[in-house]
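# Architecture and fold: a report
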Amino acid sequence: MKLLSIRAKHFKNLGEDFRLSFIAKAKKTSEDKEYELHEIAEGLYAFNTVAFVGKNASGKTSVLQLLDLVFSVLGDCQVQAKLYPFDGVGLDVIFYHEGFVYRYLTDLRVDARNATRAVFANQALYRKPYFKTNAKSVLDLEGFVQVQSLTPLPDDISIVFFVLKKAVPEAVYFDCDGHGYRTYKLLFDAVERYSISPAVLTKVLRLFDPRLRSLQVNDERSYRLSIGEQTMVFTDYELWNYLSSGTTKGLLLYITVVASLSVGFDVMIDEIENHFHKTLVENVISLYKDKSINRHNATLYFSTHYCELLDLFNRQDNIWICQPGEPVLVKNMYEHFDNRPELLKSKLFYRNAFGTAVDYDDLMAVKTELYK
Amino acid sequence: MKILLLCEGPNELAVINLLLEHRLLKFDYSDLLDMRPFHARQLTSPQLIPALNSYADGDIDVIRIGDRLSDKIIIPLWINNIHGISKVCTLSELEILLIISVGLWSDFRKVKSKIQPKVYCKKHIKINKRFYDNSSQFYRDYFSDCMERLIFSIKEYKRLHPKQKKDEGYLADLLK
C-alpha cells in the first residue's frame, strides 16, 4: 500500500478542505529517479522523503498527526489512543495497492463506548485499475467504481480491511516528546518484531555512545548494559537516568528506521533535528534516498525548523512550506513558489522567499528588553 | 582516503555497480565514500552532502565517469578535502561497449558520423527478443550473466580508442 493523497476536514487547525498529495508533479530527472523517487507501479512515482518546514505554530505537527491518523486507518484499520482530537474529522484518502488505485472516504466519531477509540461513519470505498497511461491522472476522481458487497464489520474497524486483508502497521509516528523510561520496552519490541540482529543493535548503540558495547533484556523490566569492561543491570527507570535522553530517544528512532528500511513501512518524525545529531539526521535522510538500502519503498516524512536539511533535496515537490494562520497554510514548494531550482533552498529561506523567516523587528524587540 | 565515484548517468552507474558486485575493480565498495558510487555530475549534487559531511576529516579522490566530461568540476567552498580529481571517459557514448561486445565495431564505424551509438544499439543489440531500450536494467540483464563480455568490451574499447585526451582515463584503467 502506498499513500497517494489526503483530503481532510475539521482536523485541528488545518481547516475545512486540507489537501496533500504525494506523487511526483515536477519533471523527473534520472538523478531524481535514482535518489528521490520510488516507482511504485510502472510510471507512477512517489517520494522517498517528504519534508514539512516552517516556523513555530505553523502547523507542521498537525500535518504529521493527520498523516499518523490516516496511516492508523490504512494500517491498523482502526483509530485508538491518540493524543490529538479526531472527533468529527472527515477523510478522503487515495492510495495505491496491488495494481489498483483506491479512494476511501469516512467521517470519524468518538466511540461512545470507549472515548479513546473512533468509529467510522459514512464510509465508502472505490477503486480503479492502474494503467501506466493514466499515471498523470491517477488522482482524478473519474473512473472510480464503488467496491460493493462488503460484509458488515464492527463500526470501529475500517472497511479498508477488506482491501488490505490484514491489519499491519503502515507507518510509525515519532513526536518530539519521546517515551521516557518506556522507550527500552518499545525498542526491544521492535527488535523482536522485525528480527533485528544483536550485531545491528550493537552498531547502532555505538553510533550514539561509543562506550556502549551491548544492551540486552535481563527480565521484563530490567536490562543488561555493557559499557567498557563492565556489565551492569538497570531497571528501565535507572537506565533512562543513566543514558543520555538523546541516546535513549535516538536508539528507538534509529532502530525503527532500520526496521522501516528492511520491511518497507513509512516513518513520520516531528522535528527530526530534536532526535539526532545533524550528521545522523543527514545520514537517516540519505538512507531513505539510497535504493540499495531502501529496497521496499519506505518513505520518511519529517518536519524540521532547519532549512539546511532541505539542501539535501534535489526536488521541490516533496517539500511543503507551513505558514501560520487560521487555518494554517501548507504550500507545496513546487506548486506555490517560483524559485530557480539551482538556488540553495536554505538560502531562499534566509531571504524569506517562503514567508517563514523570524521577524527581525520581533527579535530586536526582545533584545531591547534584555538591554534594560 | 576514500574514493568518490561520480557516474554521469544511470547506465554508467549500472555498469560500475556490476563491476563492483563482481569485484573486478581495483577498489571495492568499502573504498568508496558512503560505500557506493553516485549518479551525479557535480560535487554540488544534494545527494552527496551527507556523505561529504560524514567524512569531512579524510582525504577524497574524485573519479568522474561519463561520455562527455567537458564541464569543469565545481568544488564548493565548504569542501576542503578533495585530494585529486580524475576523469574516465566513455566517448562517444557508453553504448559503444554494447557494440564492441557483439563484434559490430567495424560496422558501426562506417555509419558513426550519421548514427548515434544509442540509435544504432536500438536496432542491433538485443537480449533474446528484447532490443536495447536505453535503460540501466538492460545493461544489467545484458552483462550480468557474462561479465567476461563486459570486461572484453572495456579492454577492447581502450585498444580501439588510443587517442583519448591527456587528462582522461579509461574504464579499463580501473579494472584489477
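Predicted model only: the values in this text are computed from it and were never measured.

## A few points about the domain arrangement of chain A
Residue and element names in this part refer to chain A.
- Domain annotation for chain A reports domain 1 (2-170 + 271-371) and domain 2 (179-264).
- On a C-alpha basis, the centroid separation for the pair domain 1 and domain 2 is 29 Å.
- Contacts between domain 1 and domain 2 engage 10 residues on the former and 9 residues on the latter.
- Split by residue class, the side of domain 1 that touches domain 2 holds 6 nonpolar, 4 polar and no charged.

## Observations concerning the interface of chain A and chain B
- Contacts between the two partners involve 16 residues from chain A and, on the opposite side, 12 residues from chain B.
- Sorting the residues of the side of chain A that touches chain B by element identifies α1 (30-35) and α8 (278-288) of chain A as the ones contributing at least two each.
- With 5 residues, α8(A) is the single largest residue contributor to the side of chain A that touches chain B.

## A few points about the pairing of strand β3 (residues 60-66) of chain B
All names here are of chain B.
- β3 sits mainly inside the fold: 5 of its 7 residues count as buried.
- Pairing of β3 with strand β4 (residues 82-89), which is carried by 7 bridges, proceeds in the parallel orientation. Along β4, the bridge assignment pairs Val62 with Ile85.

## Comments concerning the sheet that holds strand β7 (residues 100-111) of chain A
Residue and element names in this part refer to chain A.
- Pairing within the open sheet is antiparallel, and its 6 strands lie in the order β2-β1-β6-β7-β8-β9. Two strands in the sheet have a free side with no partner beyond their single neighbour: β2 (18-21) and β9 (145-146).
- Of the pairings in the sheet, the one linking strand β1 (residues 2-9) to strand β6 (residues 90-97) comprises 7 bridges and is antiparallel in character. Bridge assignment links Lys9 to a residue of β6, and that residue is Gly90.
- Of the strands in this sheet, β1 and β6 touch helix α2 (residues 60-76), which is tilted by about 120° from β1.

Rules behind the numbers
Residues numbered from 1 in each chain as written. Chains lettered and ligands numbered in written order. Predicted model: local features only at pLDDT ≥ 70, side-chain atom pairs only at ≥ 80, totals over all residues. Domains from an automatic or database assignment. Contact = placed C-beta atoms within 7 Å. Nonpolar A, V, L, I, M, F, W, Y, C, P; charged D, E, K, R; others polar. Helix = DSSP H or I, 4+ residues; strand = E, 2+ residues; numbered from the N terminus. Buried ≥ 20, exposed ≤ 12 C-beta atoms within 10 Å, placed from the backbone. Pairing = 2+ DSSP bridges. Axes fitted to C-alpha atoms, helices over the stretch in contact; angles between N-to-C directions.

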